[in-house]
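Here is what each chain is made of, one letter per residue.
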Amino acid sequence: MALGVLAGLACVFALSWAQSFVAPLLLGIIISYTLNPLVTWLEAIRIPRVIGTVIVMTSVIGALVMGTYSLRGQMQTIIEQLPVAATKFATALGRMQVGNIGNMQKVQSAAMVVERATTQAAGGIAVQHQPATHVIVDQPTFKLSNFLWESSMGALGAVGQAAMVVFLVFFLLLGGDTFKRKLVRLTGPSLSKRKITANILDDINGSIQKYMLMLLTTNVLVGLLSWVAFQWIGLENAGAWAAAAGLLHIIPYLGPGVTAIATGMAAFMQFESFGTALLVAGAFLAIATLVGTFVTTWMTGRIANMNSAAVFIALLFWGWLWGVWGLLLSIPLIVIVKVVSQHVEQLHPLAELLGD
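What counts, and at which threshold
Residues numbered from 1 in each chain as written. Predicted model: local features only at pLDDT ≥ 70, side-chain atom pairs only at ≥ 80, totals over all residues. Heavy atoms only, no water. Core = buried A, V, L, I, M, F, W, Y, C linked by side-chain atoms within 4.5 Å. Buried < 20%, exposed > 50% of the residue type's maximum accessible area, 1.4 Å probe, protein only. Helix = DSSP H or I, 4+ residues; strand = E, 2+ residues; numbered from the N terminus. Contact = heavy atoms within 4.5 Å. 1 Å grid on protein atoms, 1.4 Å probe; cavity = no way out; pocket = protein on both sides within 12 Å on 5 of 7 lines; lining within 4 Å. Points joined across faces, edges and corners; volume = space filled by probe spheres on them. Nonpolar A, V, L, I, M, F, W, Y, C, P; charged D, E, K, R; others polar. Axes fitted to C-alpha atoms, helices over the stretch in contact; angles between N-to-C directions. Parallel < 35°, antiparallel > 145°, perpendicular 65-115°, else oblique. Left-handed = near helix turned anticlockwise from the far one by under 90°. pLDDT = per-residue confidence, 0-100.

### Quick notes on the nonpolar core
Generally speaking, soluble globular proteins have nonpolar side chains that are buried together.
Next up, step 1: Y211, M212, W318, W322, L329, I331 and I334 are the most contacted members of the largest nonpolar core, which totals 28 residues.
Next up, step 2: Contributing elements (two or more residues each) for this core: α2 (19-44), α7 (191-233), α11 (308-322) and α12 (324-343).
Next up, step 3: Among all residues touching M212, those that are not within four sequence positions of it are I30 and T34.
Next up, step 4: One finds A229, I233, F284 and I287 within the second-largest nonpolar core, a separate group that totals 19 residues.

### Observations concerning the layout of surface pockets
Next up, step 1: Of the pockets and cavities examined, the largest pocket occupies roughly 2100 Å³.
Next up, step 2: What lines the largest pocket is a set of 47 residues, among which I31, V60, L64, L247 and I250 lie closest to the centre.
Next up, step 3: For the lining of the largest pocket, the secondary-structure elements that each account for two or more residues are α2, α3 (49-70), α5 (144-175), α7, α8 (238-248) and α12.
Next up, step 4: A breakdown of the residues in the lining of the largest pocket according to their chemical character gives 37 nonpolar, nine polar and one charged.

### Considering the packing of α7 against α8
Next up, step 1: Across the interface, α7 lies against α8 with an axial gap of 8 Å and an inter-helix angle of 150°. On the basis of their axis angle, the class for α7 and α8 is roughly antiparallel. Between α7 and α8 lies a crossing of right-handed hand. Touching N219, V222, G223, S226, W227, F230 and Q231 of α7 are A238, G239, W241, A242, A245 and G246, all from α8.
Next up, step 2: Here the residues of the contact of α7 with α8 are counted per class, giving seven nonpolar, six polar and no charged.

### Some remarks on the environment of F268
Next up, step 1: In this fold, F268 is placed in helix α9 (residues 254-271).
Next up, step 2: Given the relative accessible area of 6%, F268 is considered buried.
Next up, step 3: Sequence-wise, F268 and L278 are 10 residues apart; in three dimensions their C-alpha atoms are separated by 8.6 Å.

### Here's the deal with the confidence of the model for the protein
Detailed reading of predicted coordinates is not advised where the pLDDT is low.
Next up, step 1: Per-residue pLDDT for the protein averages 76, and the proportion of residues at 70 or more is 72%.
Next up, step 2: Across the protein, element-level confidence peaks in helix α1 (residues 2-17) with a mean pLDDT of 88 and bottoms out in helix α4 (residues 72-121) with 62.

Here it is, written out as structure tokens:
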């Protein structure tokens, strides 16, 4: 047991250390599983796999670019309004804090009067409290060159990881089921082991494709319903906010929370009313909760019959380990673990623990 605990800790440390390589690798594998049926269908109608892969990859990237380009004006407007929104929001909070500070001062004055009266009644002398000495720590001077350098390095790293995912998806789609055949051969000459390996790979393939279909369905539904709600309320740039809501809904729990805060601030800047801001944020949270409770839960149950508590614990673990990457990949990873544990006799207790 001690050896197993040490091995588990070593695996966690290795995954954390190799995050920049393992996370894009897993994302590329999952995307290739998702797009593989399209390439296979093109191959079935006599289109060579190389050409089919190029068509699918070009179509997906082109759709993303065109969607971003069509909303560029609204997104630019939102970005330009961020400083104004932050200033207005801070001013409104300042007005609220002034009232709270006045009430606190009244409470403190009453407490001092009570304390003074109590001390005199007890025959004591009120102790004069010396003011505390405040120590000010000088913060390092902001340097624009350092900020630009760190920002550029972060942007270059993100571009590099995106390019790595794109090329990985391309080569995996180009290879087809080559890796599957190789893994089956590596399991040994036993026909039963090869059959188990083939079943595991097929189940993983089917589960990931169904999960990605569910993710696409729910995100599109959230985006459309959010667009209708934002248009009805009268929020400016409703299309861009709805697209952002659909994209951020990919990240469980955290994505809807960030979207609700952002749209609430945008509504406050436009209407200068906390009530309207709460209405916009509450409407989006109601939509995300409705879709998550009914559509996502039903489709997830149809896919893998996962235990909701186990899914939430997996989200916490992978989010702690890899941050946003972990939140994106946590459910596909836990689905893969469940599929493997169902086919390996020694891991059946784990499958029972993860099951519904």
